[in-house]
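Here is what each chain is made of, one letter per residue.
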Amino acid sequence: MTDPRDFVAHEAALLDERRLDDWLALFAEDGHYWVPLLGAAQADPFSHNSLAYEDRLLLQLRVDRLKNPRAHSQHPASHSQHVLQPSRIEREEGDEAWLRTPFLYVEARGEDQILLSGTARHHLVRTSTGWLIREKRIDLLNAPRALPAIQLFI
């Protein structure tokens, strides 16, 4: 997959199919998953709290928890659906690309369903095996409002 826009669509499909190990493998060793508490207004993950700011180790722990049959929060299991607008490449430099993808995200568990919207920002790095995620940032629309518990990855 050479087009980074195809990579972003593939990443969302892996999440929706609950192929969490395959999804985790898309992150570079120094990769991060970030959901700023202030959404697009937040400049960095260090000067203010975040809903999530996870490196590979923390992502692995979350994936392991979600796959564990004893995970109480996954009885019944959560499922997600990402509805993506076309990704836009904002910048490319050498073997790196920065993309912006507006989305709707639905997470369902049992009778409950939540709907979130926002913009996913991917910082990708090209390797000999293809693209990897250096950072995935999720800027939720109206981020500072009270949110329900989000079980999966947006």
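Visitor: So what's going on with the overall build of the chain? Residues and values would help.
Guide: Across its full length, the chain carries three helices and seven strands. Listing every helix and strand of the chain by position from the N terminus yields α-α-β-β-α-β-β-β-β-β. For the chain, the C-alpha radius of gyration of 15 Å lies close to 15 Å, the compact-globule estimate for 154 residues. Buried positions account for 42% of the 154 residues belonging to the chain.

Visitor: Now, about the side chain of Gln151: what can you tell me, with residues and values included?
Guide: Tracing the backbone shows Gln151 in the segment after strand 7 (130-140). A relative accessible area of 16% places Gln151 in the buried class. Apart from the residues within four sequence positions on either side, Gln151 is in contact with Arg62, Arg65, Leu66, Ser73, Gln74, Ser78 and Glu107.

Visitor: Provide a residue-level description of the environment of Ile89, including the pertinent values.
Guide: Among the structural elements, Ile89 can be located in strand 4 (residues 88-93). A relative accessible area of 24% means that Ile89 is categorised as partly exposed. It is 39 Å that separates the C-alpha atoms of Ile89 and His72, two residues lying 17 residues apart in sequence. Those residues within four positions of Ile89 in sequence are excluded, and the remaining contacts are Pro4, Arg5, Trp98 and Leu99.

Visitor: Before we move on, could you go through the pattern of salt bridges and cite the residues and values that matter?
Guide: Pairing of side chains with opposite charge becomes possible as their charged atoms draw close. The full count for this structure, using the stated rule, is 16 salt bridges. When the shortest N-O distance is used, the salt bridge between Arg134 and Asp30 registers 3.1 Å. Highlighted residues: Arg134 in strand 7 and Asp30 in strand 1 (residues 27-36), separated in sequence by 104 residues. A residue is classified by how much of its surface remains accessible, and Asp30, at 43% relative accessible area, is partly exposed. Between Arg121 and Glu90 there is a salt bridge; the shortest N-O distance is 3.7 Å. With Arg121 in strand 6 (residues 112-127) and Glu90 in strand 4, the pair connects residues that are 31 residues apart, well separated along the chain. Taken together, the salt bridges that share partners define one network made up of Arg88, Glu90, Arg100, Arg121, Arg137 and Asp139.

Visitor: So what about a nonpolar patch on the surface? Which residues, and what values?
Guide: Among the surface-exposed residues, Leu57, Leu58 and Leu61 lie close enough to one another that they form a single nonpolar patch of about 290 Å² accessible area. Mapped onto the elements of the fold, Leu61 is located in helix 3 (residues 56-67). Looking at Leu61, the relative accessible area reads 48%, which means it is partly exposed.

Definitions and cut-offs
- Residues numbered from 1 in each chain as written.
- Predicted model: local features only at pLDDT ≥ 70, side-chain atom pairs only at ≥ 80, totals over all residues.
- Heavy atoms only, no water.
- Helix = DSSP H or I, 4+ residues; strand = E, 2+ residues; numbered from the N terminus.
- Rg over C-alpha atoms; globule rule 2.2 N^0.38 Å.
- Buried < 20%, exposed > 50% of the residue type's maximum accessible area, 1.4 Å probe, protein only.
- Contact = heavy atoms within 4.5 Å.
- Salt bridge = Lys/Arg side-chain N within 4 Å of Asp/Glu carboxyl O.
- Patch = residues over 30% accessible without salt bridge, like charges linked within 9 Å, V, L, I, M, F, W, Y side chains within 5 Å.
- Areas by Shrake-Rupley, 256 points an atom, 1.4 Å probe, with all protein chains shown as cover.

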